Amino acid sequence: MSEILAAVGVWAPAVYLLGFTAVVMVGVPRSALTLAGGLAFGPVLGITLAWVASVLAAVLALWVGRALGEELVERRAGPRLRRVRAALHSHSFRGVLLTRMTPVPFAVVNYSLGALGVHTRPYVLGTAVGIIPGAIAFGGAGASIGMGNLDWALAAVSVLGLAWLAARRPLGQSAA
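Residue numbers run consecutively from 1 along every chain, following the written order of its sequence. Only residues with pLDDT of at least 70 are given local features in this predicted model, and only at 80 or more are side-chain atom pairs given and counted; all residues enter the totals for whole chains, interfaces and linings. As a convention, hydrogens and water are excluded, and side-chain values are obtained from all of the structure's heavy atoms.

## Things to note about the side chain of Ser92
- Comment: elements are numbered from the N terminus, with helices defined as DSSP H or I runs of at least four residues and strands as E runs of at least two. Position of Ser92 relative to the elements: it lies in helix H7 (residues 92–99).
- When checking whether two residues touch, look at their non-hydrogen atoms; a contact exists if any pair is within 4.5 Å. Sequence-distant contacts of Ser92, that is, excluding residues within four places in its chain, are made with Ala87 and Pro122.

Following this line, the structure appears as structure tokens:
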């Protein structure tokens, strides 16, 4: 990988950002690309680039999902769609945030939420906040591998575990 980065030179972060955005939109798992970013660029730049690319891919997919329309999602999701739609419209930010902490593929969530007409602002905010734990976990793990040090990997697992515990609380339940 270091040979590829050396060949691209100063443009390596931009190439990674654009490539990440493109392949995530077609369904390649973000986790693998985030791990590679941490490995290639270190913890801070790798996590930052993966986070920015993830938000960019999510917003682009939201727009594509809107263009595809709700009918396509309705055919796939069936009656569950009414519950999802109701939860997202009454708790938009938290609903989007929670979808980011579930094991549902990122691209599927992006296109579906676009087709369901989720408003852009809570979608972007929920996505931007909701993907932070995964970006830290996988980017940190990649950086740990690159540095030969498990400190980041242990911190990453802790962050992911805490995010998962927080996400398990049902909508409408208070934090106290």
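## With respect to the environment of Ala12
- Along the chain, the position of Ala12 falls in helix H2 (residues 12–25).
- Put simply, Ala12 and Phe41 are 29 residues apart on the chain and 9.2 Å apart in space, counted from C-alpha to C-alpha.
- With near-sequence residues (within four places) excluded, Ala12 lies in contact with Leu5 and Phe41.

## A short note on helix H9 (residues 120–130)
- Turning to H9, its buried residues number three or more, namely Pro122, Tyr123, Gly126, Thr127, Ala128 and Gly130.
- The inward-facing, buried residues of H9 abut helix H4 (43–68), H7, helix H8 (106–115) and helix H10 (132–147). Per-residue accessibility, obtained with a 1.4 Å probe over protein chains only, is compared with the maximum for each type, and a residue is labelled buried under 20%, exposed over 50%, and partly exposed between these values.

## Description of the packing of H4 against H10
- Contact geometry of H4 with H10 gives a least axis separation of 9 Å together with a crossing angle of 140°. Taken together, the axis directions place H4 and H10 in an arrangement best described as oblique. H10 is crossed by H4, and the crossing has right-handed handedness. Residues Pro43, Ile47 and Trp51 of H4 form the contact with H10, whose own contacting residues are Ile132, Ala135, Ile136, Gly139, Gly140 and Ala143.
- Residue classes follow a fixed rule: Ala, Val, Leu, Ile, Met, Phe, Trp, Tyr, Cys and Pro count as nonpolar, while Asp, Glu, Lys and Arg count as charged, and any other residue, Gly among them, counts as polar. Of the residues in the contact of H4 with H10, the class split is seven nonpolar, two polar and no charged. Note on definitions: angles span 0 to 180 degrees between N-to-C directions of axes, and those axes are lines fitted to C-alpha atoms, for helices only across the stretch in contact. Roughly parallel refers to an angle under 35 degrees, roughly antiparallel to one over 145, roughly perpendicular to one between 65 and 115, and oblique to any angle outside these ranges. Take the far helix as the reference: if the near one is turned anticlockwise from it by less than a right angle, the crossing is left-handed, and if turned clockwise, right-handed.

## Observations regarding the packing of H4 against H8
- Running from amino to carboxyl end, H4 crosses H8 at an angle of 45°, the nearest separation of the two axes being 6 Å. It follows that H4 is oblique to H8 by the angle criterion. Pair H4 / H8 crosses with right-handed handedness. Contact residues: H4 offers Ser54, Ala57, Ala58, Ala61, Leu62, Val64, Gly65 and Arg66, while H8 offers Phe106, Asn110, Tyr111, Leu113, Gly114 and Ala115.
- Counted by class, the contact of H4 with H8 contains nine nonpolar, four polar and one charged residues.

The values are spatial; any link to function lies outside them.
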